[in-house]
Amino acid sequence: MGYGAMVLTGLYGRIGRDEATAVLHHALDRGCALIDTAASYGDGANERLVGDVVRQRRADAVVATKWGIVPADAGGRRVPVTYEHAMHVDARPERAGPALDRSLTDLGLDVVDLWFLHVPDPGLPVEDTVGAMAEQRTAGKARHLGLSNVTGDTLRRAHAEHPIAAVQVEWSLWSRGVEAELLPVAEELGVGVVVWGPLGSGFLAGGAPESPRDFRTRQPRFAPDHLEVNRDRFAGLAEVAAGLGITTAQLALAWLLHRSPLAVPIPGTRSPARVDDNATAALVELPTDVGAELDTRFPPGLAAGPSIFGDAAAPR
């Protein structure tokens, strides 16, 4: 089990730096070694927060960061998304080196363990971007390369240009689109699958936006009408979890680990107790018949409202 640090930089509401630092330390204490951040989270603030912690205990942490998303006025290409605010990407080859240098500066590290392209640039062949990223790996600034929010075809093309260690994608019981195309390609190529949103942005753990500052208020599935429908459609999760003596969050995470040995979920939380709950899910031995029951009761497409990237995994 990894840890997604995005939640520690204001996207789910305010959080104090001391509180955020304590949660990161607790995640590492519980063995959640993969700490995921990105240059776009708080314009480097999230990387600086993560760096302050992992530099104190470098041997305990596998650090992943992402690049490519830029401010709307920075000249990037617009990427179609379903929430209210636009997303812009600039992953031109000449930007790769400076982007990684800035991330390393913000993290306070000489090398990052896993460096993801956050979203493919719709104005460029992915091979061009990955080729430039490979040059940075050769220079010793990144140990492994990854892609985030891609299709199976994009992964295959990129992997032919340079080996891709991992893909990072949204996947959960309420976002199962990756199972049709991307997951089979990752399994064929032996590419790891880092799972963002493994709890449906907290929905599968019983969460919902409580503050207007919460990023989820801009997501269609958390709109009032959709949210009520989703609560009804996924109510049966609690029944299955109770039968196993675990929480719904643990059930959702255990299902992912049961579905693929390549999966490493990175649930994000601001609560040490939730960190404990999530970490314990890695120890749950999900019976095969329960996994099959979940597949049947909560099939792809069940959730009301589109995911962030809609029906497609991401731009090609």
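For clarity, every value in this text was computed on a predicted model and none was experimentally measured. (Residues numbered from 1 in each chain as written. Predicted model: local features only at pLDDT ≥ 70, side-chain atom pairs only at ≥ 80, totals over all residues. Heavy atoms only, no water.)

**Q** Could you clarify how one ought to interpret the pairing of strand E9 (residues 166-170) in this entry?
**A** Each regular strand carries side chains that alternate between the two faces of the sheet. Counting buried positions along E9 yields 5 of 5 residues, so the element is predominantly enclosed. Covered by surrounding structure in E9 are Ala166, Gln168 and Glu170 together with Val167 and Val169, the residues of both alternating faces. Pairing of strand E8 (residues 142-148) with E9 involves 3 bridges; the strand directions are parallel. Directly across from serine 148, in E9, lies its bridge partner glutamine 168. Handedness of the E8-helix H5 (residues 152-161)-E9 crossover: right-handed. Bridge analysis of E9 against strand E10 (residues 192-196) gives 5 bridges, and the strand direction is parallel. In the strand pairing of E10, valine 169 is matched with valine 195. Crossover connection from E9 via helix H6 (residues 182-189) to parallel E10: handedness right-handed. (Buried < 20%, exposed > 50% of the residue type's maximum accessible area, 1.4 Å probe, protein only. Helix = DSSP H or I, 4+ residues; strand = E, 2+ residues; numbered from the N terminus. Pairing = 2+ DSSP bridges. Right-handed = clockwise from strand over helix to strand, strands pointing away.)

**Q** Looking at this model, I keep getting lost on helix H9 (residues 248-259). Mind explaining?
**A** Along an α-helix, residues three or four apart share an orientation, since each turn contains 3.6 residues. Taking 1.5 Å of rise per residue, the 12 residues of H9 would be expected to cover 16 Å, and the 16 Å separating its terminal C-alpha atoms lies within 8% of that figure. Within the sequence span of H9, burial applies to Ala249, Gln250, Leu251, Ala252, Leu253, Ala254, Trp255 and Leu256. Elements that come into contact with the buried residues of H9 comprise E10, helix H8 (236-244), strand E11 (263-265), helix H10 (272-281) and helix H11 (288-297). (Expected span 1.5 Å × (residues − 1). Contact = heavy atoms within 4.5 Å.)

**Q** Explain the pattern of salt bridges here, please?
**A** Two side chains carrying opposite charge are able to pair once their charged atoms lie near each other. Across all of its chains, the model carries 27 salt bridges by this definition. One salt bridge in this structure joins arginine 30 and aspartate 276, with 2.8 Å as the shortest N-O distance. With arginine 30 in the loop between helix H1 (17-29) and strand E2 (34-36) and aspartate 276 in helix H10, the pair connects residues that are 246 residues apart, well separated along the chain. Note that arginine 297 is salt-bridged to glutamate 293, the shortest N-O span being 3.0 Å. (Salt bridge = Lys/Arg side-chain N within 4 Å of Asp/Glu carboxyl O.)

**Q** Would you take a moment to explain empty space enclosed by the protein for this structure?
**A** The gaps left among the atoms become clear once a water-sized probe is rolled over them. One pass over the full model with this rule turns up 2 cavities of 30 Å³ or more. A volume near 60 Å³ is recorded for the largest cavity. Lining the largest cavity, in full, are Glu170, Trp174, Ser175, Gly200, Ser201, Gln219, Arg221, Pro306, Ser307 and Ile308. In terms of residue class, the lining of the largest cavity is made up of 3 nonpolar, 5 polar and 2 charged. In this structure, the second largest cavity spans a volume of roughly 30 Å³. Lining of the second largest cavity is provided by Gly2, Tyr3, Cys32, Pro267, Thr269, Val275 and Asn278. A class-by-class count of the residues in the lining of the second largest cavity yields 4 nonpolar, 3 polar and no charged. (1 Å grid on protein atoms, 1.4 Å probe; cavity = no way out; pocket = protein on both sides within 12 Å on 5 of 7 lines; lining within 4 Å. Points joined across faces, edges and corners; volume = space filled by probe spheres on them. Nonpolar A, V, L, I, M, F, W, Y, C, P; charged D, E, K, R; others polar.)

**Q** Please explain the pairing of strand E7 (residues 112-117) as it appears in this structure.
**A** Of all 6 residues making up E7, 6 are buried, and the element is well covered by its neighbours. Note: strand E3 (residues 62-67) against E7, 4 bridges, orientation parallel. From the neighbouring strand, alanine 64 faces E7, where its bridge partner is leucine 114. Both E7 and E8 contribute to a ladder of 5 bridges, which runs parallel. Directly across from tryptophan 115, in E8, lies its bridge partner leucine 145.

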